[in-house]
Amino acid sequence: VHGRDDRSAALEKLGAEVVVGDLHNIDSIREAMEGIDAAYLVYPVQPGLIDATVNFAQAAREAGVSAVINLSQRSADRNSKSNSCKETFIAEQVLNWSGLAVTHLRPTYFLEWLLYPFQLPLFVEKGILRLPVGKGRHAPIGAEDQGRVIAAILQNPSEHKGQTYPLFGPVEMDHEQMASELSEALGREIVFQNISIDEYCKSMEAMGVSAYMIQHFEGAMDAYQHGVMSGMNDNVERLTGRKPMSVGEFARAHLDVLNPK
C-alpha cells in the first residue's frame, strides 16, 4: 500500500500482511517480495509504467519469486496512438526479457466503466450512456471475474507460465445492445448516445481528468471503433470454473449506484 489508512486496516483484518511501498521505489518492492512465491503486477493508467515494471522485475528476481502475473490490456500495441497502450506492450516485453515465469492478462473494457466519475452522473440522472464508440463491439468484463482469474493462476502459476490470456465477459455486444440490457436490468430506459472522440475528451478535460488519461482514451477509442476490442473466448470460465457476469447481472448488483436515489 502507499500508506496506512482504513483500507489497509481492512486488508489486515482479512489476514493480509501489509507493506508500505511504491512501485517507483525498488527497495520498498524488494522488501514486500521477501518470502513471496508469486506476485501480481497491476499499474494504473498514468505515467511511469515502464520504470515500475523494471523495478518490479528486478525486485522479483532478487527475491527469487517463481511466477509473475501481469495485468496488461486488450489494446496493448507497439503502434497504438495511446501512450498507455504502447507502454503496456513494452512492459510486457520487459517482463518477457526478465527471465521470470510470466503470465500476461489482456482484459477487454471493464463493466466498472459504468461507475467511473466522468460517466456516472449523466447515466444516473438522465439515463444516457454516452461514449465515442461508434459501432464497435466488445464483451465487457467485471473486475470481480478478473480477480477470480488472478487468484486461480496465483494458486497454481506453473501451468500458466508464458501464456497470454485475453479475458472477456460472456457476450460481445455494441452499445445499443448494452443500453437495452441495462434498461431491462435497471427498470428504466437507458439510451446510448454516440459522440465524437474530440467531444468526449473535452468533457473529460472539463471534469479534471488527467492529460495522460485523456490521451489514452483518445487513442483507445479510435482503436475501439476499428474493432480492436472485439472478440470472445471462454478463458474466464475455463480458468475459474464459473462463467463471468453479464452486463445485466452487474447492473443489478449495483442498483444503489446506477439508479437515482
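Cut-offs used in this document
Residues numbered from 1 in each chain as written. Predicted model: local features only at pLDDT ≥ 70, side-chain atom pairs only at ≥ 80, totals over all residues. Heavy atoms only, no water. Core = buried A, V, L, I, M, F, W, Y, C linked by side-chain atoms within 4.5 Å. Buried < 20%, exposed > 50% of the residue type's maximum accessible area, 1.4 Å probe, protein only. Helix = DSSP H or I, 4+ residues; strand = E, 2+ residues; numbered from the N terminus. Contact = heavy atoms within 4.5 Å. 1 Å grid on protein atoms, 1.4 Å probe; cavity = no way out; pocket = protein on both sides within 12 Å on 5 of 7 lines; lining within 4 Å. Points joined across faces, edges and corners; volume = space filled by probe spheres on them. Nonpolar A, V, L, I, M, F, W, Y, C, P; charged D, E, K, R; others polar. Axes fitted to C-alpha atoms, helices over the stretch in contact; angles between N-to-C directions. Parallel < 35°, antiparallel > 145°, perpendicular 65-115°, else oblique. Left-handed = near helix turned anticlockwise from the far one by under 90°. Patch = residues over 30% accessible without salt bridge, like charges linked within 9 Å, V, L, I, M, F, W, Y side chains within 5 Å. Areas by Shrake-Rupley, 256 points an atom, 1.4 Å probe, with all protein chains shown as cover. Salt bridge = Lys/Arg side-chain N within 4 Å of Asp/Glu carboxyl O.

(A) Summary view of the nonpolar core. Core analysis: the largest hydrophobic core is formed by 36 residues, its most contacted members being Phe123, Leu129 and Leu182. If you list the elements that add at least two residues to this core, you get α5 (120-126), β4 (128-131), α7 (175-186), α8 (197-206), α9 (211-225) and α11 (247-253). Ignoring anything within four residues of it in the chain, the contact list for leucine 182 reads Leu114, Phe123, Leu129, Ile190, Val247 and Ala251. Formed by 13 residues, the second largest nonpolar core is a distinct cluster that contains Ala39, Leu41, Ala60 and Val65.

(B) Spotlight on the environment of proline 117. Mapped onto the elements of the fold, proline 117 is located in the loop between β3 (102-107) and α5. Spatially, the C-alpha atom of proline 117 lies 40 Å from that of glycine 64, the residues being 53 residues apart in sequence.

(C) Seen up close, the layout of surface pockets. Considered as a void within the structure, the largest pocket measures approximately 1,000 Å³ in volume. Along the wall of the largest pocket there are 29 residues; nearest its centre are Val1, Leu23, Ala32, Tyr40 and Phe56. Broken down by secondary-structure element, the contributors of at least two residues to the lining of the largest pocket are α2 (26-32) and β1 (38-41). Residue classes in the lining of the largest pocket are distributed as 20 nonpolar, 5 polar and 4 charged. Taken as a whole, the second largest pocket spans an internal volume of roughly 720 Å³. Tyr43, Pro44, Val45, Gln73 and Phe110 are, among the 29 residues lining the second largest pocket, the residues nearest its centre. At the level of secondary structure, the elements contributing two or more residues to the lining of the second largest pocket comprise β2 (67-71), α4 (83-97) and α9.

(D) Geometry of empty space enclosed by the protein. What the rule picks out here adds up to 2 cavities of 30 Å³ or more. The volume enclosed by the largest cavity comes to roughly 130 Å³. If you trace the largest cavity, you find 14 residues lining it, with Phe110, Trp113, His138, His175 and Met178 closest to the centre. Looking at the lining of the largest cavity, the elements that each hand over two or more residues are β4 and α7. The residue makeup of the lining of the largest cavity, split by class, is 11 nonpolar, 3 polar and no charged. Here the second largest cavity defines a volume of roughly 30 Å³. Along the walls of the second largest cavity sit Pro140, Pro170, Val171, Met173, Met245, Ser246 and Val247, which together make up its complete lining.

(E) Quick look at the packing of α8 against α9. α9 packs onto α8 with a crossing angle of 155° between their chain directions and a minimal axis gap of 10 Å. With respect to α9, the element α8 is oriented roughly antiparallel. As α8 runs across α9, the sense of the crossing is right-handed. Where α8 approaches α9, its residues Ile197, Cys201, Met204 and Glu205 are matched on the opposing element by Ile214, Phe217, Glu218, Met221, Asp222 and Gln225. A breakdown of the residues in the contact of α8 with α9 according to their chemical character gives 6 nonpolar, 1 polar and 3 charged.

(F) Quick look at a nonpolar patch on the surface. Among the surface-exposed residues, Val1, Leu11, Leu14 and Val20 lie close enough to one another that they form a single nonpolar patch of about 360 Å² accessible area. Along the chain, valine 20 turns up in the loop between α1 (6-13) and α2. According to the relative accessible area criterion, valine 20 is partly exposed, its value standing at 40%.

By themselves, these figures tell us nothing about what the structure is for.
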